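# Survey of secondary and tertiary structure
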Amino acid sequence: MRAQERLDVIQRSVVREMARFGREFTVDGAVVRGPGTTAVAVREHPDAGGGHVDLGFVLRLGRADVPVLWDCAAGLGKTEEEKLDNAVRMWATTTAATVVELLDRRGEHGDHYGPDRPGGMPGWHAVQGPACVFGFGAGELAEWLGGNHVLPALAAALAPELDHPLVNGVKLFLGGRTGDDVAEVRVNGEVSEGASAALRALDWPRGERLAWARLFVLLLAEGADAADVRAAEQEAPVPAGPPPVEDVGVRAAAGRPSGLRRWWGARRAGR
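Residues numbered from 1 in each chain as written. Predicted model: local features only at pLDDT ≥ 70, side-chain atom pairs only at ≥ 80, totals over all residues. Heavy atoms only, no water.

Following the criterion strictly, the structure yields 16 salt bridges and no others. The partner of Lys171 in a salt bridge is Asp71, with the nearest N and O atoms 3.2 Å apart. Here Asp71 lies in strand S5 (residues 68-74) and Lys171 lies in strand S9 (residues 167-177), a separation of 100 residues in the sequence. Ionic pairing is found between Arg200 and Asp181, a salt bridge with its closest N-O pair at 2.4 Å. (Salt bridge = Lys/Arg side-chain N within 4 Å of Asp/Glu carboxyl O. Helix = DSSP H or I, 4+ residues; strand = E, 2+ residues; numbered from the N terminus.)

Ranked by size, the top nonpolar core spans 43 residues in total, and within it Val14, Met18, Leu55, Phe57 and Trp91 carry the most contacts. Sorting the residues of this core by element identifies helix H1 (3-19), strand S3 (39-42), strand S4 (52-58), S5, helix H2 (80-104), strand S8 (132-135), S9 and strand S12 (211-221) as the ones contributing at least two each. No other element matches the 12 residues that H2 contributes to this core. Contacts of Met18, omitting those with residues within four sequence positions, involve Arg23, Phe25, Phe57, Trp91, Ala96 and Val100. (Core = buried A, V, L, I, M, F, W, Y, C linked by side-chain atoms within 4.5 Å. Buried < 20%, exposed > 50% of the residue type's maximum accessible area, 1.4 Å probe, protein only. Contact = heavy atoms within 4.5 Å.)

With that settled, consider the pairing of S12. By the criterion of burial, S12 is predominantly enclosed, with 11 of the 11 residues buried. Burial of S12 is two-sided: the residues Ala211, Ala213, Leu215, Val217, Leu219 and Ala221 facing one way and the residues Trp212, Arg214, Phe216, Leu218 and Leu220 facing the other way are all buried. Two elements, strand S7 (residues 124-128) and S12, share 5 bridges in a ladder whose sense is antiparallel. The partner of Ala126 across the bridge, within S12, is Leu219. The sheet contact formed by S8 and S12 spans 4 bridges and is antiparallel. For Gly135, the partnering residue across the bridge sits in S12 and is Ala211. Summarising the sheet, S9 and S12 pair through 10 bridges and their orientation is antiparallel. Each bridged residue has a counterpart across the sheet, and for Asn168 the counterpart in S12 is Leu219. (Pairing = 2+ DSSP bridges.)

Read these as geometric descriptors, not functional statements.
Quick look at the structure:
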């Protein structure tokens, strides 16, 4: 697929997935605009041709003081369009759900942890979205995630990398199998080696069958004026045709979806 074709697929998928949250999004050139000043941007990467997307949830379009919440996701499928479509669905299930929970604060799409609560992180209000667990041995990994608080175990490694004073996005990806596992933490879209090592050191189950989990956490600074973030959907929209937030396109990763092992090998080679 050509770059524009991939972009079209991704943007259509974003519109569809955000509608599941009761949000009307429309394509406007480089971004997909939502209510108020919210939008979703798509970033282009040179390794195009697979099922990997890189999406940024924009809370305040046109403003630099509120960060774009970047995350990447991979999708499986028989065709490139199906892979991209499923990647957006994975992003929506985990990352977009967490952002919607931050905006709504209803407890419907995620859990809230104050800085002093079990499951929380000192200095930050955490919003943790749903975990997506998949693969042949997913049950045991899902049970472990349901019974363990991961964020506090990563807090010491995460703290120095939370570089935005208001809100930071943290993506966790873990899984694989015995002797061939992966643990990756991204802070604001960038890999954190320290936090990834801390995640790998945890005792989540590694079995003989392939299984993975991904989840997204938003960290809102304790004492920060959260109203400015949560009011984003009620603000007047930015006039049409603003400069793009980032280069627009899709990040693709190698790997055919006909087998989880091949996808896993591609992911280890370069996510």
